[in-house]
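What follows is each chain in one-letter form.
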Amino acid sequence: MSWIREGELNLLERFSANVLKAGPMPKHVAFIMDGNRRFARKKNMECLKGHMQGFNKLAETLRWCKHLNIREVTVYAFSIENFKRTKEEVDGLMELARQKFVKLLEERENLKKHGVCIRVLGDLNMLPLDLQQLIAKSVLTTKSHNQCFLNVCFSYTSRYEITNAVREMAWGVEEGLLKASDVSESLLNECLYSNNSPNPDLLIRTSGEVRLSDFLLWQSSHSCIVFQSVLWPEYSFWNLCEAILRYQLNYKSIQKARDLHREQQTLMQLESDCACVADLLQNHGNGKPVDAQRRQEALQHYISCREERIQDFLQALKHKRDSYFSDLWREDASS
């Protein structure tokens, strides 16, 4: 099954899509694609075939999203917790992933035509080396595409992602790229695997479970979260329309919460900068009072230096992450 499924919506689907698009539309939708194993049991088929049906449904869902002008989709493909499943199932899922990434590379021209950028988020070091190399090729091959984005969370949990982001900031301090006072909520956000993406507007979980299972916990704090009872392989265009409608009904409150959070972040950062400047002036002022103009100049200088440090750190972090994929590609080419 192709990653990109061609085809138009039928007349009723097109009409419904146009009605929805008259209202506020989510630009980024995340899916917890739950229910593949239950679907397999329901149909008396092997577990792996249920996962294969789940991938087919993903391809179909991406087509719907394209017609609905949803430019970014993030999916929970494989949790770190899934490694605890039986060896047979884990090995089967790894083999299925190999097949799908090989297929993706075979379809590179089609992906280029549609401008699809594939990103894989997670700790890929936990995966077999050959699968890491296939993923690296897929990511680098589509890296320059910018029409739509598919983020595949593989070997991922949100707690691990947040912990890794903290490690990255600690690395920046150890390397002298950052000061401890530079560490902030906004900087942590830039250190997440998902730093290239806006937070999801809408997060959907299928199968009737009403928990996030350690998926995008940080990113979804101001997202519309919709739980639907349908099993993922049975997901329909109408299920997606229902979720989008629920997003639209809650759009104003979501935007208000996001705006308030941005204002609070800005205020917290300013308060932190002012506290740092006050300490610096006290330590270098020999106890003499500082006038308002000098304090303002010192604050502006501090903010400028902090922003420069952070940009240098983020460039170094990007280089480190890009090198990981490039090294995997070179190792594969030389073997």
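From a predicted model like this one, the values you see are computed outputs, not experimental measurements. (Residues numbered from 1 in each chain as written. Predicted model: local features only at pLDDT ≥ 70, side-chain atom pairs only at ≥ 80, totals over all residues. Heavy atoms only, no water.)

## Here's the deal with the overall build of the protein chain
To be explicit about the condition: A helix here means a DSSP run of H or I that spans at least four residues, while a strand means a run of E at least two residues long, and both kinds are numbered starting from the N terminus. Only protein chains enter the calculation, and the probe is 1.4 Å; a residue is then buried if its accessible area is under 20% of its type maximum, exposed if over 50%, and partly exposed in between. Every residue pair with non-hydrogen atoms within 4.5 Å of one another is taken to be in contact. All accessible-area figures derive from a Shrake-Rupley calculation using a 1.4 Å probe, and residue coverage is judged against the displayed protein chains alone. Charge assignment in this entry is limited to Lys and Arg as positive and Asp and Glu as negative, and neither His nor the chain termini are counted. Charge placement uses NZ in Lys and CZ in Arg. For Asp and Glu, CG and CD serve respectively.
A tally of helices and strands in the protein chain yields 11 helices and 6 strands. Seen through its C-alpha atoms, the protein chain measures out along the principal axes to roughly 80 × 55 × 40 Å. Put simply, the protein chain has 335 residues, and 47% of those count as buried. At a minimum sequence separation of 6, the contacts of the protein chain that also span at least 24 residues come to 80%. Summing over all exposed atoms, the protein chain offers an accessible surface of approximately 17600 Å²; the carbon and sulfur share of this is 53%. Averaging the coordinates of the 45 positive side-chain charges in the protein chain and doing the same for the 43 negative ones gives two points 5 Å apart.

## Focus on the packing of aromatic side chains
Between two aromatic rings, the relevant description is the distance of the centres plus the angle of the planes. The cut-off we apply is this: Pairing of aromatic rings covers Phe, Tyr and Trp, the last through its six-membered ring, and needs centres within 6.5 Å; plane angles under 30 degrees mean stacked, over 60 mean edge-to-face, and all others mean tilted. Charges are assigned to positions over rings by a cutoff of 6 Å between ring centre and Lys NZ or Arg CZ, combined with an angular limit of 35 degrees from the ring normal.
In this structure the tally under the stated criterion is 14 aromatic pairs. Judged by centre distance (5.5 Å) and plane angle (55°), the ring pair of F31 and W232 falls under tilted. You can see F31 sitting in strand β1 (residues 28-32) and its partner W232 sitting in the loop between β6 (224-227) and α9 (237-249), a full 201 residues away along the chain. F31 gets classed as buried once you look at its relative accessible area, which sits at 1%. The exposure class of W232 is buried, given its relative accessible area of 0%. Here the aromatic rings of Y324 and F325 are separated by 5.4 Å at their centres, their planes lie at 75°, and the arrangement is edge-to-face. For Y324, a relative accessible area of 24% corresponds to the partly exposed category. In this structure an aromatic cluster arises from ring pairing among Y76, Y156, Y193 and F215. Its end group placed over the ring of Y160, R167 keeps NZ or CZ at 5.7 Å from the ring centre. Residue placement shows R309 over the ring face of Y302; its charged tip is 5.8 Å from the ring centre.

## Quick word on the packing of helix α10 (residues 251-284) against helix α11 (residues 292-334)
Working note: a packed helix pair is described by the angle between its axes plus the distance between those axes. Using the following cut-off: A fitted line through C-alpha atoms represents every axis, and for helices the fit uses only the stretch in contact; the resulting angles, taken between N-to-C directions, go from 0 to 180 degrees. Any angle that is under 35 degrees is reported as roughly parallel, and any over 145 degrees as roughly antiparallel; angles of 65 to 115 degrees are reported as roughly perpendicular and all others as oblique. Crossing handedness follows the turn of the near helix against the far one: under a right angle anticlockwise gives a left-handed crossing, and clockwise gives a right-handed one. Gly counts as polar in this scheme, as do all residues outside two lists: the nonpolar Ala, Val, Leu, Ile, Met, Phe, Trp, Tyr, Cys and Pro, and the charged Asp, Glu, Lys and Arg.
Two elements in contact, α10 and α11, have axes separated by 9 Å at closest approach and are oriented at 115°. With respect to α11, the element α10 is oriented roughly perpendicular. In this structure, α10 meets α11 at a crossing whose hand is right-handed. Contact with α10, carried on its side by Q269, L270, D273, C274, C276, V277, A278, L280 and L281, involves R294, R295, A298, L299, Y302, I303 and R306 of α11 and no other residues of that element. A breakdown of the residues in the contact of α10 with α11 according to their chemical character gives 11 nonpolar, 1 polar and 4 charged.

## Here's the deal with unusual backbone geometry
With phi around 55°, N44 is a residue other than glycine that occupies positive phi space. In this fold, N44 is placed in the loop between α2 (36-42) and α3 (47-67). Overall, N44 belongs to the exposed group, its relative accessible area being 74%.

## A short note on the side chain of D273
This is how the line gets drawn: Throughout this description, a polar contact denotes any pair of N or O atoms lying within 3.5 Å of each other; where both atoms belong to protein, one of them has to be capable of donating a hydrogen while the other can accept it, and for residues adjacent in sequence the pair is counted only when both atoms sit in side chains.
Structurally, the position occupied by D273 is in helix α10. What makes D273 buried here is its relative accessible area of 2%. Polar contacts involving the side chain of D273 include one to the side chain of R306, which spans 2.9 Å. Ignoring any residue separated from it by four or fewer positions in sequence, one finds D273 in contact with L299, Y302, I303 and R306.

## Regarding the packing of helix α1 (residues 11-21) against α9
The N-to-C vectors of α1 and α9 enclose an angle of 10°; their axes lie 11 Å apart at closest approach. One element, α1, and the other, α9, form an angle in the roughly parallel class. Note on element contacts: α9 touches α1 through F237, W238, C241, I244, L245 and Q248, opposite L12, E13, S16, A17 and L20. Its residues assigned to classes, the contact of α1 with α9 comprises 8 nonpolar, 2 polar and 1 charged.

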